[in-house]
Amino acid sequence: MNKQQLAAKIWESANKMRSKIEANEYKDYILGFIFYKFLSEKEVKYLKANDWTDEYLPELTEEETETVESIQKNLGYFISYDNLFSTWLAKGSDFSVQDVRDALSAFSRLINPTHKKVFEGVFDTLQTGLSKLGDSAASQSKSISDLIQLIKDIPMDGKQGYDVLGFIYEYLIEKFAANAGKKAGEFYTPHEVSLLMSEIVANHLMDREKIEIFDPTSGSGSLLINIGKSASKYIEGENKVKYYAQELKQNTYNLTRMNLVMRGIEADNIVTRNGDTLEDDWPYFDENDRIGTYNPLYVDAVVSNPPYSQNWNPADKETDPRYAGYGLAPKGKADYAFLLHDLYHIKPDGIMTIVLPHGVLFRGGEEGEIRKNLIEKNKIDTIIGLPASIFYGTGIPTIIMVLKQKRANTDVLIVDASKGFIKEGKNNKLRASDIKRIVDVVTRRESVEKYSKVVSRDEIRANDYNLNIPRYVDSSDAAESWDIYASMFGGLPISEIDELKEYWRAFPVLRSALFENTSSEHCKLIVDDIKKAIKEHADVKNFESEFQTVFGNFDEYLYDELIAKMESLSISKTEEILSENIFARMTDIPLVDKYEAYQLLDDDWTKIAVDLEIIQTEGFSAAKVVDPNMVIKKKDGKEQEVQEGWKGHIIPFELVQHQLLNEDVKNLGIDENRMNEIASEYEELMDALSDDDKQKLLDDDNTSFVAKEVTNACKEVFADISTPEIEILQQYRDLSKAKDKLSFAEEHKEIAWESMSANKNGTYGKAELNKYITALKYKMSFEEGSYEYIVVRANALIAEEKELKKAVKEKAAQLHLKTKETIEGLSDEQVIELLKEKWIKPLIDNLMQLPDSIVAELVAKLETLAKKYETTFAEVETQIEETEKSLSAMIDDLDGSEFDMLGLAELKKLLGGCAK
């Protein structure tokens, strides 16, 4: 299975296994064991690269001093054979929680002193939490055994970017965060926010030979890793990023270290510290310097998502160089303390991005003073307003603030990105297109109507340094207005037609084909069918044709970029290359949002990238492989994983069937369609039954026929039915002697005896006769809709359906096996054609629908506008009068008691009539 499927499987099982343990707590156990597996397998890989074989591994003990020192020097730690993850698995039922306790204790003891910062105490949370995995040693052993069985299939060697381990680790952290409520903020920044910050930072650091990045509130380390990953796209060579991380909470600090180590980052490029960022700046003093020489850290980029509005102690911080010249954040809100800390640690040409609550933009007091100083010292570069509910556990609006130590410009770019998201459960999520739109606006420093604005320092001063986004960017929808004249007399206000100016610029002649001015302020529609008039207009046809033309050879371009280079292209860079090509093609295309096109690309790219990772890891032949299709099924009250057929490793079965096995699919489809027709016929027959007959023939829910009851009813219907032909056959059946039967048959030549199968002596047996008699009865016609007709027809359909189900099952199984054999026997040319169908065709098909959506949007807007003024107030008044008259006339025909009539008389007065 691919990494997405493996991650989902592990999460589903882990979520069940954790039972009553909080998600926030259980994550430390499963992620801890994944990390131990990683270290264990990394050591085995190192040994095998140094001429060790499996047969010598049992000799790996602490007593082998030379070997221990060699491993410690190269890896930073040592794990003996008895404590290897693979040894745990091999123990089977002999494995116990004590094995884990011994292994973790030994690991702590055998860390290389030069790597203590990376590994010391990294398993403390796991070690102290083992007792929570069960009430006894046996139950703890069972829980841990289940856990290590669950994660044993995670591959630990990420070749060619096939970073399965990193993906699964990130996936699990995100899932645990989604289930951890407010505690999620302690360790997780949503991937999309992390990616947005990463792209902004990476763009600023582009083309540097080596960079250093720092996260002073590192959580799980995911934000820091994503920054490094994005920046690495623009740096030649490996291990050119150095990571600094500080985290207050011990268990979360351990996540940071695990995450960094498992990404293949060299230990020398990982510098971490467990400490309080605000109280104990790091590295404030060089910890190896006994004199305590002041040694501040300056890096290329600082990124952080600190706890929002946290309490802190500003006492005695006036002389702290981090806050000097700006002011101290108030005691109850440490937001600006974190910001100033980050700002202090960037180099003159560096950059910082920080996530903060929206209130930092406008709150007064000490925060207002700090904000003023930041503006006057020209530190704030960009402010990005994010959608609400984007972080787990909190719905408060948040922002990303970008700051730099030295800037050539003095303005501030303010972006309102609060409207761009999709809803996922309780949370909102940035789409790939939302992220790209923001990054493009930030890197180009653009003012976009209702989205972003480059604001001068003078304008900010005029607003008393209030940076609240709506003061500068109005992203709200215009309030609906009603034209009084058009509401009273009809027609359409020209001003509201003018609001669609973008469409009229793209379709210059269309407007005059749809509307005719009746005055300087109003116009009228001159077409009956708006949709037809728009879609058939030359402007629109030219627009659609131009779009198709610019993408005319896009399939060839995609073939050259994806198919031809599939084994060598850079997966991390290719999506950007493709998006640049799409954007270039759309340069002169009006109306179509290029970011919608980008979203279509990204939706498909997510799936294409998975295939490319497999091909680059396993080779082109992986496209000719099928995998067991494993599903979870209950057996004896327990869930078990069982195989249910096969599935393509890369090429889906459905694609192969529709491209290469179309005739087989059609044949199966004929039977499946007939079964659907039978289901419809059942519905019609059941609707025609009386209530009594339904009770007799249908199930308790009255949703289907009961076969046994229909068969019995059919027998009853035919019991007393006879014809001359049937009577003759029954007489023949009652004869016992063969010669009498032969003579009887000779006398009655009007019977189609040849329709039956005769015995060797030329006679016909009872079974054959009964079968023929039954067939004759079924051929009899009953009045459609009658009880007899329904019973006989339902009985025939039940028999036909039974045969069809059997045939469909057999044909589906044959098609499934034939598809498996077809995939395994594909030629290289067939694989390439199938990959074109899987990767290229869906993207082009989706892109070609974009002009249709633009036209449909215009049609909907104009139809809504026409409907808005379709009925004038005068017509409404007339309708009201007519309704009142009608009601008054009805009242005259009513009769009742004295009080009823008085009430009706009063109602008629209100309606404008006079009671009789």
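Please read all numbers here as calculations on a predicted model, not as lab measurements.

### Remarks on the overall build of the protein
Working step 1: In terms of regular secondary structure, the protein is built from 37 helices and 16 strands.
Working step 2: Its C-alpha atoms give the protein a radius of gyration of 39 Å, more than 25% over the compact-globule value 29 Å for 916 residues.
Working step 3: By principal-axis analysis of the C-alpha atoms, the protein measures approximately 130 × 95 × 70 Å.
Working step 4: With 916 residues in all, the protein has 47% of them scored as buried.
Working step 5: Sequence-distant contacts in the protein: of pairs separated by 6 or more residues, those separated by 24 or more amount to 72%.
Working step 6: Surface accessibility of the protein: about 46,300 Å² in total, with carbon and sulfur atoms responsible for 48%.

### Things to note about helix α32 (residues 766-779)
Working step 1: For α32, spanning 14 residues, the distance from its first C-alpha to its last is 20 Å, which sits close to the expected 20 Å at 1.5 Å a residue.
Working step 2: Residues of α32 that are buried: L769, Y772, I773, L776 and K777. Down the axis of α32, the sector holding all buried residues measures 140 degrees, keeping them to one side. For α32, the exposed residues lying more than 90 degrees away from the buried face are A767 and K771.

### Thoughts on the packing of helix α26 (residues 653-660) against helix α34 (residues 828-847)
Working step 1: Remark: α26 packs on α34, axes separated minimally by 11 Å, with the N-to-C direction vectors making an angle of 110 degrees. Classified by the angle between their axes, α26 and α34 sit roughly perpendicular to one another. As for how α26 packs across α34, the hand of that crossing is right-handed. Contacts from L655, V656, Q659 and L660 of α26 reach α34 at Q830, L834, E837 and K838.
Working step 2: A class-by-class count of the residues in the contact of α26 with α34 yields four nonpolar, two polar and two charged.

### Section: the sheet that holds strand β5 (residues 346-357)
Working step 1: Strand order in this open sheet of nine strands is β3-β2-β1-β4-β5-β7-β6-β8-β11, and the pairing throughout is mixed. Among the strands making up the open sheet, the edge pair consists of β3 (270-274) and β11 (452-455). Strand-to-strand, the axes of this sheet are offset by a mean angle of 10 degrees, without reference to chain direction.
Working step 2: In the sheet, strand β1 (residues 211-215) pairs with strand β4 (residues 299-304) via two bridges, with the strands oriented parallel. Note on β4: the bridge partner recorded for I213 is A301.
Working step 3: Relative to the sheet, helix α11 (residues 222-232) contacts β1, β2 (241-247) and β4, its axis offset from that of β2 by approximately 165 degrees.
Working step 4: Contacts between helix α15 (residues 432-444) and the sheet are confined to β6 (380-385), β8 (412-416) and β11, with β8 contributing the most and set at about 165 degrees to the helix.

### A closer look at the packing of aromatic side chains
Working step 1: Under the counting rule described, the total for this entry stands at 28 aromatic pairs.
Working step 2: Between Y77 and F119 the ring centres are 5.3 Å apart and the planes differ by 70 degrees, which places this aromatic pair in the edge-to-face class. With a gap of 42 residues between them, Y77 in the loop between α3 (65-75) and α4 (85-91) and F119 in helix α6 (residues 116-119) connect regions that are remote in the sequence.
Working step 3: A centroid spacing of 5.7 Å and a plane angle of 20 degrees characterise the contact between W753 and Y764, whose relative ring orientation is stacked. Here the residue W753 occupies a position in the loop between α31 (738-747) and α32, and Y764 occupies one in the loop between α31 and α32, the gap between them amounting to eleven residues.
Working step 4: Relative accessible area serves as the criterion here: at 8%, W753 is assigned to the buried category.
Working step 5: Look at Y764 and you get buried, because its relative accessible area is 10%.
Working step 6: Taken together, the ring pairs connect F33, F35, Y36, F38, Y77, F85, W88, F95, F107, F119 and F123 into an aromatic cluster.

### Some points on the nonpolar core
Working step 1: One finds I30, F33, F35 and L39 to be the most contacted residues of the largest nonpolar core, which totals 104 residues.
Working step 2: Per-element accounting of this core gives the leading share, 14 residues, to helix α2 (residues 23-49).
Working step 3: If we ignore the near neighbours within four places in the chain, the residues touching F33 are F85, W88, V100, L126, L130, I144, L147, I148 and I151.
Working step 4: Residues F547, L558, W605 and L862 belong to the second largest nonpolar core, which totals 74 residues.

### Section: the pairing of strand β15 (residues 626-635)
When a strand is regular, its side chains alternate between the sheet's two faces.
Working step 1: Where β15 meets strand β16 (residues 638-648), nine bridges bridge the pair, whose relative direction is antiparallel. Counterpart to V626 in the pairing with β16 is G648.
Working step 2: Adjacent in sequence and paired antiparallel, β15 and β16 are bridged by two residues, among which D636 carries a positive phi angle near 55 degrees.

### Things to note about the pattern of salt bridges
Working step 1: This model, assessed by the stated rule, comprises 54 salt bridges.
Working step 2: One salt bridge in this structure joins K836 and E833, with 3.4 Å as the shortest N-O distance. Of the two residues, K836 and E833 are both situated in helix α34; the distance of three residues between them amounts to about one turn of the helix.
Working step 3: Classification of E833 as partly exposed rests on a relative accessible area of 43%.

### So, the sheet that holds strand β14 (residues 522-525)
Paired through backbone hydrogen bonds, the strands of a sheet run either parallel or antiparallel to each other.
Working step 1: Read across the sheet, three strands follow the order β12-β14-β13 without closing on themselves; strand pairing throughout is antiparallel. In the strand order of this sheet, the two ends are held by β12 (492-493) and β13 (515-517), each with one partner.
Working step 2: Relative to β14, β12 is paired through two bridges, and the arrangement is antiparallel. Directly across from P493, in β14, lies its bridge partner H522.

### Topic: the confidence of the model for the protein
Working step 1: On average, residues of the protein carry a pLDDT of 89, and 96% of them reach 70 or more.
Working step 2: Averaged pLDDT values for the elements of the protein fall to 73 in helix α9 (residues 164-178) and rise to 98 in β6.

### Observations regarding the side chain of S194
Working step 1: Secondary-structure assignment places S194 in helix α10 (residues 191-204).
Working step 2: Of the residues examined, S194 reaches a relative accessible area of 1% and is grouped as buried.
Working step 3: What S194 contacts, discounting residues up to four positions off in sequence, is T189, S222, L223 and N226.

### Section: a nonpolar patch on the surface
Working step 1: Among the surface-exposed residues, I484, Y485, M488, F489, F873, V876 and I880 lie close enough to one another that they form a single nonpolar patch of about 720 Å² accessible area.
Working step 2: Put simply, the parts of the chain that give the nonpolar patch at least two residues each are α17 (484-489) and α36 (873-892).
Working step 3: Sorting elements by how many residues they give to the nonpolar patch places α17 first, with four residues.
Working step 4: Relative to the helices and strands, F873 resides in helix α36.

### A look at a negative patch on the surface
Working step 1: Taken together, the side chains of E55, E59, E63, E64, E66 and E69 make up a negatively charged region of the molecular surface.
Working step 2: Among the secondary structure elements, E69 is positioned in helix α3.

### A few points about the environment of E369
Working step 1: Checked against the element boundaries, E369 lands in helix α14 (residues 365-376).
Working step 2: For the pair formed by E369 and L328, sequence separation is 41 residues and the distance between their alpha carbons is 9.1 Å.

About the cut-offs
The residue numbers shown here count from 1 along each chain, following its written sequence. Owing to the predicted nature of the model, reporting of local features is limited to residues with pLDDT of at least 70; listing and counting of side-chain atom pairs is limited to 80 or more, with chain, interface and lining totals taken over all residues. Computation of side-chain values covers all heavy atoms of the structure but excludes hydrogens and water. Numbering of helices and strands starts at the N terminus; helices are DSSP runs of H or I of at least 4 residues and strands are runs of E of at least 2. For the radius of gyration, the atoms used are the C-alpha atoms, and the globule rule reads 2.2 Å times the number of residues raised to 0.38. Exposure categories follow from relative accessible area, calculated using a 1.4 Å probe and restricted to protein chains: below 20% of the type maximum is buried, above 50% is exposed, and the middle band is partly exposed. In what follows, a contact means two residues having at least one pair of non-hydrogen atoms within 4.5 Å. The method behind every accessible area is Shrake-Rupley, applied with a 1.4 Å probe, and residues are considered shielded solely by the protein chains displayed. Helix span is expected to be 1.5 Å times the residue number reduced by one. This arc is built from the directions going out from the helix axis to the C-beta atoms. Angular values range over 0 to 180 degrees, each being the angle between N-to-C directions of two axes fitted as lines to C-alpha atoms, with helices fitted over their stretch in contact. The scheme is simple: roughly parallel for angles under 35 degrees, roughly antiparallel for over 145, roughly perpendicular for 65 to 115, oblique for anything else. Helix crossings fall into two classes, left-handed where the near helix is turned counterclockwise from the far one by less than a right angle and right-handed where it is turned clockwise. Residue polarity follows a fixed list, in which Ala, Val, Leu, Ile, Met, Phe, Trp, Tyr, Cys and Pro are nonpolar, Asp, Glu, Lys and Arg are charged, and the others, Gly among them, are polar. Any two strands with at least two DSSP bridges between them are considered paired. For this analysis, a ring pair means two rings from Phe, Tyr or Trp (six-membered ring only for Trp) whose centres lie within 6.5 Å, classed as stacked if their planes differ by under 30 degrees, edge-to-face if by over 60, and tilted for the remaining angles. Only buried residues count toward a nonpolar core. Its members are Ala, Val, Leu, Ile, Met, Phe, Trp, Tyr and Cys residues joined through side-chain atoms within 4.5 Å. Salt bridges are defined as contacts in which a side-chain nitrogen from Lys or Arg sits within 4 Å of a carboxyl oxygen from Asp or Glu. Every residue is assigned a pLDDT by the predictor, reflecting its confidence on a scale from 0 to 100. The residues that make up patches have over 30% relative accessible area and no salt bridge, and they are joined within 9 Å when like-charged or within 5 Å when they are Val, Leu, Ile, Met, Phe, Trp or Tyr. Note that His is not counted, nor are the chain ends; the positive residues are Lys and Arg, and the negative ones are Asp and Glu. Taken as the charge centre is NZ of Lys, CZ of Arg, CG of Asp or CD of Glu, depending on the residue.

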